[in-house]
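Structural features, examined
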Amino acid sequence: EHRMGQAGDVEESIQKAIAAAQTALALDPSRPEARMDLGRSLWQGAYHRLLNHSQDPREQLRQAVEVFEAIRPEERDYEFHITLGLVFKVWADYEDQSGEDSLRTRGKAIDAYLTAISLNEAVPDAWINLGVAFYERARNPRDPNPDDDLQQSLAALNKARTLNPRHVVPYISAGHAHRLLAERRRDRGEDAQPDLATALDLYRRGLAINPRHADLHSGL
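For the structure given in this document, a descriptive report is provided here.

This part takes up the overall build of the protein. Assigned secondary structure in the protein consists of eleven helices and zero strands. Tracing the protein from N to C terminus, the helices and strands come up as α-α-α-α-α-α-α-α-α-α-α. Computed over the C-alpha atoms, the radius of gyration of the protein is 19 Å, within 12% of the 17 Å expected from 2.2 N^0.38 for a compact globule of 220 residues. C-alpha extents for the protein along the principal axes are approximately 60 × 35 × 35 Å.

Attention now goes to the side chain of Asp143. Mapped onto the elements of the fold, Asp143 is located in the loop between α7 (124-139) and α8 (146-163). No salt bridge is formed by the buried Asp143; its nearest oppositely charged neighbour, Arg137, is found at 4.6 Å. Looking at Asp143, its side chain comes within polar contact range of the main-chain nitrogen of Asn145, at 3.1 Å. In this view, Asp143 contacts Leu103, Arg137, Ala138 and Asp149; residues no more than four positions away in its chain are not counted.

Relative to the assigned elements, Asp195 resides in helix α10 (residues 193-209). Within the structure, Asp195 has its side chain in polar contact with the side chain of Arg185 (distance 2.5 Å).

This part takes up the pattern of salt bridges. Working definition: two side chains of opposite charge can pair if their charged atoms are close together. Scanning the model with the defined rule gives 21 salt bridges in all. Between Lys89 and Asp93 there is a salt bridge, and its shortest N-O distance comes to 2.7 Å. Pair noted here: Lys89 and Asp93 are both in helix α5 (residues 78-97), with a separation of four residues, about one helical turn. Where Asp93 meets Arg106, a salt bridge forms, and the shortest distance between an N and an O atom there is 3.0 Å. In this pair, Asp93 is assigned in helix α5 and Arg106 in helix α6 (residues 103-119), connecting sequence segments 13 residues apart. Taking the relative accessible area as the measure of exposure, Arg106 reaches 2% and is therefore buried. In the salt-bridge network here, residues are joined through shared partners; they are Asp147, Arg184, Arg185, Arg188, Glu190 and Asp195.

A word on the nonpolar core. Within the largest apolar cluster, 42 residues are counted, with the highest numbers of intra-cluster contacts made by Leu38, Leu61, Phe68, Leu84, Val87 and Leu130. At the level of elements, α2 (11-27), α3 (32-53), α4 (58-69), α5, α6, α7 and α8 are the ones that each hand at least two residues to this core. Among the elements that take part in this core, α5 stands out by supplying nine residues, more than any other. Residues contacting Leu38, with those up to four places away along its chain left out, are Ile18, Ala21, Gln22, Leu25 and Val67. Core analysis: the next-biggest nonpolar cluster, separate from the first, contains twelve residues, Leu154, Leu157, Leu202 and Ile209 among them.

Take the packing of aromatic side chains next. Within the structure shown, the criterion is met by three aromatic pairs. Between Phe68 and Phe80, the ring centres sit 5.8 Å apart and the planes meet at 90 degrees, which makes this aromatic pair edge-to-face. Residue Phe68 is located in helix α4, and its partner Phe80 is located in helix α5; the two are separated by twelve residues in the primary sequence.

For α5, spanning 20 residues, the distance from its first C-alpha to its last is 29 Å, which sits close to the expected 28 Å at 1.5 Å a residue. With 15 of its 20 residues buried, α5 lies for the most part within the structure. The N-terminus of α5 is capped by Asp77, whose side-chain oxygen sits 3.3 Å from the backbone nitrogen of Glu79. Following α5 by one or two positions, Gly99 adopts a phi angle in the positive range, close to 80 degrees.

Cut-off values and rules
Residues numbered from 1 in each chain as written. Predicted model: local features only at pLDDT ≥ 70, side-chain atom pairs only at ≥ 80, totals over all residues. Heavy atoms only, no water. Helix = DSSP H or I, 4+ residues; strand = E, 2+ residues; numbered from the N terminus. Rg over C-alpha atoms; globule rule 2.2 N^0.38 Å. Buried < 20%, exposed > 50% of the residue type's maximum accessible area, 1.4 Å probe, protein only. Lys, Arg positive; Asp, Glu negative; His and termini not counted. Salt bridge = Lys/Arg side-chain N within 4 Å of Asp/Glu carboxyl O. Polar contact = N/O pair within 3.5 Å; in protein donor to acceptor, adjacent residues only side chain to side chain. Contact = heavy atoms within 4.5 Å. Core = buried A, V, L, I, M, F, W, Y, C linked by side-chain atoms within 4.5 Å. Phe/Tyr/Trp six-rings, centres within 6.5 Å; stacked < 30°, edge-to-face > 60°. Expected span 1.5 Å × (residues − 1).

Following this line, the structure appears as structure tokens:
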């Protein structure tokens, strides 16, 4: 994870993690921890392939989904659903980059995040992931209800800011959502100024937390 954050080569570490989790699973197939570790390692490998090499991550993602689906329903906790949502997020991101239809996959990510929140609604990261997922779906030209998705995105991101006002990501993502709403209003001949003003305010409030965050300056 540290190397991934530094854009370093993590392939060897990920393969070691996958092999260790497979060994643990073979030693005791009845425990969900090994399946969680294996699925998480497969997801990280797929994310690294997409992020640093622009390679198709779907085979590893399919393997991760198969591993997670083998966990018994009564053992599927918050961590299970939030990680499953991240698997489908990476899958949908790749489909967007490839010009494919990501609506179905993005919907699976949203469903997983909603289930995670139903199990523990006090964790800001789940609300952030949900808000970003709704925003990404709204950006999809095939989305039949982009305005509704943007409102759902803003509601989730507002909840995340309530839970942790010092987390900078909700300010970035909510700013992006208001900017997209402004673009849609402009294209319909409506007044875009209120959403643009709100987006500017959110970016500036984020900069008050982290004045060196590039995404906030780019948003402005």
